[in-house]
Amino acid sequence: DTGVSQNPRHKITKRGQNVTFRCDPISEHNRLYWYRQTLGQGPEFLTYFQNEAQLEKSRLLSDRFSAERPKGSFSTLEIQRTEQGDSAMYLCASSPPGANYGYTFGSGTRLTVV
Amino acid sequence: DQQVKQNSPSLSVQEGRISILNCDYTNSMFDYFLWYKKYPAEGPTFLISISSIKDKNEDGRFTVFLNKSAKHLSLHIVPSQPGDSAVYFCAATFNYQLIWGAGTKLIIKP
């Protein structure tokens, strides 16, 4: 297992298009998180899965955003009708059961909306 | 509102000296505090954590101090090495969320 894997690493899209990102967590980790980071800021929480259940969504996650983790393994984050303000680094992290710290992050997907 | 604040956007330290990175928080319900290191184009890497019931945790060159009365924590790196140059994020856990500071860019000068 090589850690948390995110694809693609970079995505450039035209405003109004839909994009989908994928995250493959560490296999024994049942918790999966999506964060968004813009320049000069720390990551902001978007959503959290425990196994396949999406337990929490931030108010930052508008109706254009949807995340899934259908089999409790990999997760996808889809953004519909992208806007320039969606340009950011999207980070995925996973953690084992019961862990309150030491989340493992992927390298992120950098989205640029033009 | 920013619950976790890192007031220094950058810090420059001579190689071999001590680097001290500071972080302030407002929410007394945070249960763990963590420090992450981030290189450009990579995800954050976990460095060290401290429980809210402790006041110090040490791991090699890294020591984190927590002052609950002041709602302040700091990361000490000694001695500083060139490979320590990165952005350092302070984060706090509340339930299953990590609440992050904006980061401090540490530059280690030769």
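Focus on the side chain of Thr109 of chain A
Residues and elements named next belong to chain A. Structurally, Thr109 is set in strand S11 (residues 109-113). Within the local environment of Thr109, its side chain forms a polar contact with the backbone oxygen of Pro8, the two atoms lying 2.5 Å apart. Non-local contacts of Thr109, meaning those with residues more than four positions away in its chain, are made with Gln6, Asn7, Pro8, Arg9, Phe21, Ala88, Met89 and Tyr90.

Some details on the nonpolar core
Among soluble globular proteins, nonpolar side chains are generally buried collectively. Counting 24 residues, the largest nonpolar core has Phe33, Trp35, Leu73, Leu75 and Tyr88 of chain B as the members making the most contacts within it. Of all the elements in the fold, those that place two or more residues in this core are strand S3 (19-25), strand S4 (32-38), strand S5 (45-51), strand S7 (62-67), strand S8 (72-77), strand S9 (86-94) and strand S11 (104-109) of chain B. Sorting elements by how many residues they give to this core places S9 of chain B first, with four residues. Grouped together as the second largest cluster of nonpolar side chains are 19 residues, Trp34, Phe49, Tyr90 and Cys92 of chain A included.

Focus on the confidence of the model for chain A
Residue-level pLDDT values for chain A average 92, and 96% of them are 70 or greater. Per-residue pLDDT, averaged within each element of chain A, yields its smallest value for strand S6 (residues 53-57) of chain A (90) and its largest for strand S3 (residues 19-24) of chain A (98).

Topic: the sheet that holds strand S7 (residues 65-68) of chain A
Residue and element names in this part refer to chain A. Reading across from one edge, S1-S3-S8-S7 is the order of the four strands in this open sheet, with antiparallel pairing throughout. Sheet topology places strand S1 (5-7) and S7 at the edges, where each strand pairs with a single neighbour. Between one strand axis and the next, the sheet turns by 15° as a mean value, whatever way the strands run. Here S3 runs beside strand S8 (residues 75-79); their pairing, made up of five bridges, is antiparallel. When the sheet's bridge partners are listed, Phe21 is paired in S8 with Leu77.

Quick look at the pattern of salt bridges
Applying the stated rule across the entire model yields five salt bridges over all chains. Between Arg64 of chain A and Asp86 of chain A there is a salt bridge; the shortest N-O distance is 2.8 Å. Here Arg64 of chain A, found in the loop between S6 and S7, pairs with Asp86 of chain A, found in the loop between S8 and strand S9 (88-95); they are 22 residues apart in sequence, far enough to count as distant. With respect to burial, Arg64 of chain A and Asp86 of chain A carry one shared label: buried. Asp84 of chain B is the salt-bridge partner of Arg61 of chain B, the closest N and O atoms lying 2.8 Å from each other. Of this pair, Arg61 of chain B sits in the loop between strand S6 (56-59) and S7 while Asp84 of chain B is found in the loop between S8 and S9, placing the two residues 23 residues apart along the sequence. Members of the salt-bridge network, linked through shared partners, are Arg64, Glu83 and Asp86 of chain A.

Cut-off values and rules
- Residues numbered from 1 in each chain as written.
- Chains lettered and ligands numbered in written order.
- Predicted model: local features only at pLDDT ≥ 70, side-chain atom pairs only at ≥ 80, totals over all residues.
- Heavy atoms only, no water.
- Helix = DSSP H or I, 4+ residues; strand = E, 2+ residues; numbered from the N terminus.
- Polar contact = N/O pair within 3.5 Å; in protein donor to acceptor, adjacent residues only side chain to side chain.
- Contact = heavy atoms within 4.5 Å.
- Core = buried A, V, L, I, M, F, W, Y, C linked by side-chain atoms within 4.5 Å.
- Buried < 20%, exposed > 50% of the residue type's maximum accessible area, 1.4 Å probe, protein only.
- pLDDT = per-residue confidence, 0-100.
- Pairing = 2+ DSSP bridges.
- Axes fitted to C-alpha atoms, helices over the stretch in contact; angles between N-to-C directions.
- Salt bridge = Lys/Arg side-chain N within 4 Å of Asp/Glu carboxyl O.

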